Amino acid sequence: MAGYKKKRARELHHDRFRDTTMTVLDRLVNRLEGKGRQILYGLAGVIVLALLVWAGVNWRRGHAQEAERAMGRGIKIATAEVNATPPAGSKDLIFTSEQERAQRAIDEFRKVEAKYGDPYRSQAQLFIAINELLVDRPKGLGDLAALRGNGNPEVAALAKFALAQAKEADNSLDEAIALYSELVKQNAAVVTPDTANLHVAMVYVKQGKKKEAADLLFNLVETARKAKDADGQPLPESAAAREASQELQKIDPARYAQLTPAARPTNLSL
């Protein structure tokens, strides 16, 4: 029993990491509608913040402290404050525009790319591509597309997800659906099928395909709520499943009412 509790704790820790990453990314879709090209400049910053969680987990597994510090410097720049009128006398790292910050981050990650091997090189290349969306969008899109074939499966999956988000922001909805659908089949831990399917459904809504969206959301949530562990206990719902239930309630309240009630969370400390 003790061994099971430890295993479940590890699984839930991974779920929290995955959910934190995806929840931050998922907020992007709601920010995109009706805000034109300006919102595209916020795309990189949102994804960078999410990738910080993922990258931090991976760095702690490694032993290359120098490479970790170098990546840390890049992330510090990429997540620094942007303020057109920085307060006088502030010692904080502040940039006057997102484009300026992105270029500085690219320069820092280039140093990592040139000096260190994987996983740091691939991680740096991903951060570079995301920041390029702010300073040279076509190049950023091209580099993200290329990273889909990266040998690091997490980098490849996140690059595909970031590219899908960018296509969605550009209103290239069919391309976005194709990328999200590939992620569903890929079944990656860092971008789960639930997360990818949630985004497919949200794009369906944008396309006016509410029935298709409702069907997908219903199946996603129903499957999550009926899932059991090896001991027959309900598995906790992911952030994607919880958001899917909220979206289903908005677009099809009648279908939402047909869902299996959510299970009460299990207290693992007992």
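Check the entry above for the structure.
Bear in mind the structure is a predicted one, so any value in this text is a computation, not a measurement.

Rules behind the numbers
Residues numbered from 1 in each chain as written. Predicted model: local features only at pLDDT ≥ 70, side-chain atom pairs only at ≥ 80, totals over all residues. Heavy atoms only, no water. Helix = DSSP H or I, 4+ residues; strand = E, 2+ residues; numbered from the N terminus. Buried < 20%, exposed > 50% of the residue type's maximum accessible area, 1.4 Å probe, protein only. Contact = heavy atoms within 4.5 Å. Areas by Shrake-Rupley, 256 points an atom, 1.4 Å probe, with all protein chains shown as cover. Phe/Tyr/Trp six-rings, centres within 6.5 Å; stacked < 30°, edge-to-face > 60°. Lys NZ or Arg CZ within 6 Å of the ring centre and 35° of its normal. Polar contact = N/O pair within 3.5 Å; in protein donor to acceptor, adjacent residues only side chain to side chain.

(A) View of the overall build of the protein chain. The number of helices and strands found in the protein chain is twelve helices and two strands. Secondary structure elements in the protein chain, listed N-terminal to C-terminal, are α-α-α-β-β-α-α-α-α-α-α-α-α-α. Counting across all 270 residues of the protein chain, residues that qualify as buried make up 47%. Sequence-distant contacts in the protein chain: of pairs separated by 6 or more residues, those separated by 24 or more amount to 60%. Accessible area for the protein chain stands at about 13,700 Å²; split by element, carbon and sulfur atoms hold 51% of it.

(B) Layout of the side chain of glutamate 108. Here glutamate 108 shows up in helix α4 (residues 98–115). Judged by relative accessible area, glutamate 108 falls into the buried class, the value being 14%. With sequence-adjacent residues up to four places away left out, glutamate 108 is seen in contact with Arg73, Gly74 and Ile77.

(C) Local environment of the packing of aromatic side chains. This model, assessed by the stated rule, comprises two aromatic pairs. For the ring pair phenylalanine 109 and phenylalanine 127, a centre distance of 4.8 Å and an interplane angle of 15° mean the geometry is stacked. Of this pair, phenylalanine 109 sits in helix α4 while phenylalanine 127 sits in helix α5 (residues 120–135), and the two are 18 residues apart along the sequence. Taking the ring centre of phenylalanine 218 as reference, the NZ or CZ of arginine 255 above it sits at 4.3 Å.

(D) Highlighting the environment of asparagine 150. Residue placement: asparagine 150 occurs in the loop between α6 (137–147) and α7 (153–169). Sequence separation of asparagine 150 and leucine 126 is 24 residues, and the distance between their C-alpha atoms is 9.8 Å. Excluding residues within four positions of it along the chain, asparagine 150 makes contact with Ser122, Gln125, Val155 and Ala156. A polar side-chain atom of asparagine 150 sits 3.1 Å from a polar atom in the side chain of serine 122.

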